[in-house]
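# Structural features, examined
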Amino acid sequence: MKPARKSDRQRLSPSGQQSVLHLVALREHSLLSLFELSNGLSVELDVYGITDLALFNLMGHMGTVQAGLWLRTDAGPGDLVLIRSHGLRRELAAALGGVLAAQLKADIPLDHPCTVESGDLLPSVRALAEQSKVAVLAPVLVGGKTVGVVVLGPRASGLPYSDLDLQLLRASLSMVGSSIENARLYNQLQEQNRRLMLANDELRGANELRNQFLQNVNHELRTPLTIIIGFMDCLLQAPGMDARQRGYVESSMEEATKLKGMIQSLLEFSEATQNRLPIHAGEFDVVALMGSYHRGRRPGIAGGLRELVLESQPGPLKARADAARFIGVVESVVENSVKFTPVGSRIAIAVDDVTDDQGRWVRVGVADDGPGIPKEHLPRLLEPFRQVDGSTTRAVGGMGLGLASAAQLMQLMGGRIEVQSELGRGTLVELLLPRV
Amino acid sequence: MAHDLVIERAQGDSTCDVLRLTGRIDARSASHLIEECRQTLVAGRHLVLNLAGVTFLSSSGIGTLLVLSERFDEIGKTVSFASASDLVRSSIELLSLETFLRFHDSEDEARRKLAA
């Protein structure tokens, strides 16, 4: 009998061949996943977009229905904010973020992906990870520093995460880390540009205040001057003055009248130069306008680890108003949301159309999930705190419109503002514009 | 992001919307698909995604389908996937994820199951 050839000795059974083919298919799948992530990240410039891209990719790459990503904030060293989680209970995800932050603060390095069984983890992290059915924890590293943490659930196939899987995860998160860093730098740049524009607006505002001051001074000077002129006139009408006295009064009268004329000129100049910003009403598509606003504003807000989303009804939805002034109103409302919500919050702009007993409207809602406004403060929100006479100065920074001024502007454009809020649930500001 | 996925809204019924997909479900088209499904989510209706015209399902595409299923589950509704090609189904089966996604052989079958 001839000895068996080497290839015959190594021939696999049919089930063995199946396993090898399955393994090859999984490896190909992994490679394609890495390529896709790399391509996708190269065009994404927003922390939330990057997170979605990363988690969708990792879930489909590793075959798990659970995933979450936290990022470190600037608020406190080691603090982590949950950016997204899937398949994890909300309260468990929040608690997990807390213990992961504790691990980072305790200087127990999480510098490479590890399974929950094998990692060097705080007991609290291990306990919560097991309770949340998390199988793998991995750092998002930038320049050797941990800027975030990713967790993944067990694989649906039941296969454990191999060393190669953990290396693939490391490679994926290395790309994600670089993208997040780039996004943050880009967002900072966008934010600086926006602040420059705001500073420009502030300067314009200061100019307005100067005009207002000038007007006030004029009024303050004119009133006593009118009284002086009036009494001098009485003196001139009255008998009993000698020629010299009359000469003095007439000279005083002449100078006072000149002074009054000069003040009048100053007043006219001040009124002429004051930017009264008339309303230029025109028709525009609110859906398109808000789309462009969202694209411009989202990166800056995402840079501060808050998410700005646009949930718009299909357009066009046309309204008649001053588009530039309306954007100013939207900006001041969004700015308020950013100011009064913690990091990790979500601010949603919704555009739709509504009809009520007052007419047909295009409605732009700005909703946040922040702390909300106490009920007793709601009625005062839209009261003007800055009178037209300028006796009080701006109370709110940024665009400085304030909700009260925004309400006045909306009214001037034939629309209105409505505010609803619930403590602990968030605030919804609705801007209604007359629909065309 | 430029993408290769065409989404056509087909005639649904009182409880269920139907979207017919043609092209690739991947990282580029994920947000477009989620945005189209959002309208059904907001309206609190079931959804059938007809995948007959889907030629490629990437890892990110799989992740997108999983997240969509989770979002519909959260509001007590269902998203079903109909008429997926062997290629699409094999991508899901490779990862043993078929138990997390409701697949049906045809759009009609998916709608019948939802109505039941």
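Parameters and conventions
- Residues numbered from 1 in each chain as written.
- Chains lettered and ligands numbered in written order.
- Predicted model: local features only at pLDDT ≥ 70, side-chain atom pairs only at ≥ 80, totals over all residues.
- Pairing = 2+ DSSP bridges.
- Helix = DSSP H or I, 4+ residues; strand = E, 2+ residues; numbered from the N terminus.
- Buried ≥ 20, exposed ≤ 12 C-beta atoms within 10 Å, placed from the backbone.
- Core = buried A, V, L, I, M, F, W, Y, C linked by C-beta atoms within 7 Å.
- Contact = placed C-beta atoms within 7 Å.
- Expected span 1.5 Å × (residues − 1).
- Bend = angle between axes of the 7 residues up to and from the residue.
- pLDDT = per-residue confidence, 0-100.
- Arc of directions from axis to C-beta.
- Nonpolar A, V, L, I, M, F, W, Y, C, P; charged D, E, K, R; others polar.
- Axes fitted to C-alpha atoms, helices over the stretch in contact; angles between N-to-C directions.

### With respect to the pairing of strand β1 (residues 5-10) of chain B
All names here are of chain B. Here six bridges tie β1 to strand β2 (residues 16-25), and the two strands are oriented antiparallel to one another. From the neighbouring strand, R9 faces β2, where its bridge partner is L19. Counting the residues between successive antiparallel strands, the hairpin from β1 to β2 contains five residues.

### Side note on the sheet that holds strand β1 (residues 67-72) of chain A
Residues and elements named next belong to chain A. With antiparallel pairing, the five strands of this open sheet are ordered in space as β2-β1-β5-β4-β3. On the outer flanks of this sheet lie β2 (80-86) and β3 (114-115), each paired with one strand and no other. Relative to strand β4 (residues 136-142), β3 runs antiparallel, the two being bridged by two bridges. Across the sheet, C114 pairs through a bridge with L137, a residue of β4.

### A few points about the environment of L236(A)
All names here are of chain A. Secondary-structure assignment places L236 in helix α6 (residues 163-237). On the neighbour-count criterion, L236 (12 C-beta atoms within 10 Å) is exposed. A C-alpha to C-alpha distance of 91 Å links L236 and Q103, two positions 133 residues apart in sequence.

### Quick notes on the nonpolar core
Nonpolar side chains in soluble globular proteins tend to end up buried together. All names here are of chain A. By size, the foremost hydrophobic cluster in this structure holds 118 residues, and its most contacted members are V286 and L433. Looking at this core element by element, the count peaks at ten residues for helix α3 (residues 47-62). Filtering out sequence-adjacent residues up to four positions away, L433 remains in contact with V286, A319, A321, F326, W361, V362, M413 and G415.

### Some words on helix α1 (residues 30-43) of chain B
Its 14 residues place the ends of α1(B) 20 Å apart at the C-alpha level, agreeing with the 20 Å of an ideal helix rising 1.5 Å per residue. Of all the bends in α1(B), the greatest, near 30°, is centred on C37(B). Along α1(B), the residues classified as buried are A30(B), L33(B), C37(B) and T40(B). On its buried face, α1(B) sits against α3 of chain A together with β1, β2, β3 (46-57) and α2 (59-74) of chain B.

### Regarding the confidence of the model for chain B
Here chain B averages 93 in pLDDT, and 99% of its residues register 70 or above. Both confidence scores are given for the complex: pTM 0.73, ipTM 0.94.

### Focus: helix α3 (residues 86-94) of chain B
The periodicity of an α-helix, 3.6 residues per turn, causes residues three or four positions apart to be oriented the same way. Residue and element names in this part refer to chain B. Along α3, the positions that sit buried rather than exposed are V88, S91 and I92. Viewed end-on, α3 has its buried residues packed into an arc of 95°, placing them on one side of the element. Turned more than 90 degrees from where α3 packs its buried face, D86, L87 and S90 sit exposed. Where α3 is buried, its residues touch β3 and α2. Looking one or two residues past α3, S96 carries a phi angle of roughly 60°, positive in sign.

### As for the interface of chain A and chain B
Contacts between chain A and chain B engage 22 residues on the former and 20 residues on the latter. Secondary-structure elements contributing two or more residues to the side of chain A that touches chain B are α2 (14-41) and α3 of chain A. Residues belonging to the side of chain A that touches chain B are distributed by class as follows: ten nonpolar, ten polar and two charged.

### Digging into the sheet that holds strand β5 (residues 102-104) of chain B
Residues and elements named next belong to chain B. In space, the five strands of this open sheet follow the order β1-β2-β3-β4-β5, with mixed pairing throughout. With partners counted over all chains shown, the strands left at the sheet margins are β1 and β5, one partner each. Going across the sheet, the axis of each strand differs from the next one's by a mean of 25°, ignoring polarity. Strand contacts of α1: β1, β2 and β3, with the helix running at about 15° to β1, the strand carrying the most contacts. Lying on the sheet, helix α4 (residues 107-115) is in contact with β2, β3, β4 (79-82) and β5; it crosses β3 at an angle near 155°.

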